[in-house]
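Survey of secondary and tertiary structure
The chain contents come next:
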Amino acid sequence: MAKTNPGRFFEDYSIGQVLHHAVPRTVTDGERALYHALYPARHALYSSDEFARNCGLPQSPIDDLAAFHVVFGKTVPDISLNAVANLGYAEGRWLKPVYSGDTLRSESEVIGLKQNSNGKTGVVYVRTRGLNQRDEVVLEYVRWVMVRKSNLDAPAPEAVVPDLKKALAPGDLVVPRGLNFSNYDFALAGEAHRWGDYEIGETIDHVDGVTVEEAEHMLATRLWQNTAKVHFDLTFRPEGRLIYGGHVISMARALSFNGLANAQMIVGLNGGAHANPCFAGLTIKAWSEVLDKAETDVPGVGAIRLRLVATKGGAPFELKGEDGRYKPDVLLDLDYWALMPI
């Protein structure tokens, strides 16, 4: 029997299958330092223990997206080792902050399967949960990924496409226990703009840009243990190693600080699409659109729904053409909820 793992192919999945992913990981302040080294992340709640305590938390959490990358990375050997592309996200919720010293593990359930018409690939839908050392779910999300078939003669499974929410309702969002923005320090946060200063339909050009380097991308994929061949192995994709989509998400989120410095905590992921591939040498820029706003029952805390778009230097506020397809310059279209002081 072979001792190595070739990864799962489309025909290896079945509805209801539960995958317990190796290997648990204890996160430390090292993850925070490396995250801030990889991305120009400056949101104060993730930079300062004192700022976090002033907002009612025991200390500064690990960045929400860093926690996401750790949980996501665990799933790659079982879900997307033989992937063609990660296609989208839905119903993502951050349920508990992750702190230095927490140990995270991941598990996924297959909730949908659909073979593509070419008979060579299929789409696998999974619901993934990240759990800490107390078996508390810290985050959950659905993603769907296109996976190759190994045996092209394997029969197509009955198509099952899950009915997913187009967006989380404000009532689906979980505000971390203790969080309170009543004494929020806007000067230390870096901007004076609060929840009431943003209007639905408003667009924000985040101005800055960052050129993606091959070295930083390779460091990121190793840090998050994302072993997908398209990110690591140049012989697998001779035209260039595909930049991990999460790397683009984190870069765009960090760039959004300029204009959304007070959108502190990500608590919901409504949807997301990696519209076009990203390769080293491209310069990522970002813009946002305010899609919705909602109050919470927590003092001083409001929720704001944002569309975050990353481009490879394209003009801001241009998303799709007349044909409904994403513009060639668009790399990412992400729809998320964040918490902001009222």
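Since this is a predicted model, take the numbers as computed values, not measurements.

Notes on empty space enclosed by the protein
Summed over all chains, the structure comprises two cavities of 30 Å³ or more. If you add up the space inside the largest cavity, you get close to 100 Å³. Together, 14 residues line the largest cavity, and Asp64, Trp94, Lys96, Pro97 and Met265 are the ones closest to its centre. Contributions of two or more residues to the lining of the largest cavity are made by helix 3 (64-79) and strand 7 (265-274). When residues of the lining of the largest cavity are assigned to their parent elements, the largest contribution, three residues, is made by strand 7. Broken down by class, the residue content of the lining of the largest cavity amounts to 12 nonpolar, no polar and two charged. Estimated volume of the second largest cavity: approximately 60 Å³. If you trace the second largest cavity, you find it lined by Leu65, Phe68, Trp94, Ile249, Ile266, Leu269, Leu334 and Tyr336. Per-class residue counts for the lining of the second largest cavity are eight nonpolar, no polar and no charged.

Concerning the sheet that holds strand 1 (residues 18-26)
With antiparallel pairing, 10 strands are arranged side by side in an open sheet as 1-3-4-5-2-7-10-9-8-6. At either end of the open sheet lies a strand with only one pairing partner, and these are strand 1 and strand 6 (203-211). Strand-to-strand twist across the sheet, computed as the mean angle between neighbouring axes with direction ignored, equals 25°. Direction of pairing for strand 2 (residues 83-94) relative to strand 7: antiparallel, over a ladder of four bridges. Looking at the pairing, glycine 92 lines up with leucine 269 of strand 7.

Describing unusual backbone geometry
Between alanine 22 and the following residue, valine 23, the backbone shows a cis peptide bond with an omega angle of 0°. By the element assignment, valine 23 lies in strand 1. With a phi close to 50°, glutamate 91 is a non-glycine residue in the positive phi region. Checked against the element boundaries, glutamate 91 lands in strand 2.

Quick look at the side chain of aspartate 63
Relative to the elements of secondary structure, aspartate 63 occurs in the loop between helix 2 (49-54) and helix 3. No salt bridge is formed by the buried aspartate 63. Its closest oppositely charged neighbour is arginine 253, at 5.5 Å. Of the polar contacts made by the side chain of aspartate 63, one reaches the backbone nitrogen of leucine 65; its length is 2.9 Å. Once you skip the residues sitting within four places of it in the chain, aspartate 63 turns out to touch Tyr35 and Tyr46.

Comments concerning helix 7 (residues 245-255)
Along helix 7, 11 of the 11 residues are buried, which leaves the element largely enclosed by surrounding structure. What helix 7 keeps buried is the set Gly245, Gly246, His247, Val248, Ile249, Ser250, Met251, Ala252, Arg253, Ala254 and Leu255.

Thoughts on the packing of aromatic side chains
For the coordinates displayed, the defined rule picks out 13 aromatic pairs. Centroid distance phenylalanine 68 to phenylalanine 72: 5.7 Å. Interplanar angle 40°. Geometry classified as tilted. Of the two residues, phenylalanine 68 and phenylalanine 72 are both situated in helix 3; the distance of four residues between them amounts to about one turn of the helix. The exposure class of phenylalanine 68 is buried, given its relative accessible area of 4%. When the centroid spacing of 6.5 Å and the interplanar angle of 15° are considered together, the rings of phenylalanine 72 and tyrosine 141 count as stacked. Within this pair, whereas phenylalanine 72 is found in helix 3, its partner tyrosine 141 is found in strand 5 (residues 137-148), the two being separated by 69 residues in sequence. When its relative accessible area of 4% is taken as the criterion, phenylalanine 72 is described as buried.

Side note on the layout of surface pockets
In this structure, the largest pocket encloses a volume near 440 Å³. Forming the walls of the largest pocket are 28 residues, and the residues nearest its centre are Ala85, Asn86, His231, Leu242 and His274. Looking at the lining of the largest pocket, the elements that each hand over two or more residues are helix 3, strand 2, strand 5, helix 6 (229-232) and helix 7. Sorting elements by how many residues they give to the lining of the largest pocket places strand 2 first, with six residues.

Parameters at a glance
Residues numbered from 1 in each chain as written. Predicted model: local features only at pLDDT ≥ 70, side-chain atom pairs only at ≥ 80, totals over all residues. Heavy atoms only, no water. 1 Å grid on protein atoms, 1.4 Å probe; cavity = no way out; pocket = protein on both sides within 12 Å on 5 of 7 lines; lining within 4 Å. Points joined across faces, edges and corners; volume = space filled by probe spheres on them. Helix = DSSP H or I, 4+ residues; strand = E, 2+ residues; numbered from the N terminus. Nonpolar A, V, L, I, M, F, W, Y, C, P; charged D, E, K, R; others polar. Pairing = 2+ DSSP bridges. Axes fitted to C-alpha atoms, helices over the stretch in contact; angles between N-to-C directions. Buried < 20%, exposed > 50% of the residue type's maximum accessible area, 1.4 Å probe, protein only. Lys, Arg positive; Asp, Glu negative; His and termini not counted. Salt bridge = Lys/Arg side-chain N within 4 Å of Asp/Glu carboxyl O. Polar contact = N/O pair within 3.5 Å; in protein donor to acceptor, adjacent residues only side chain to side chain. Contact = heavy atoms within 4.5 Å. Phe/Tyr/Trp six-rings, centres within 6.5 Å; stacked < 30°, edge-to-face > 60°.

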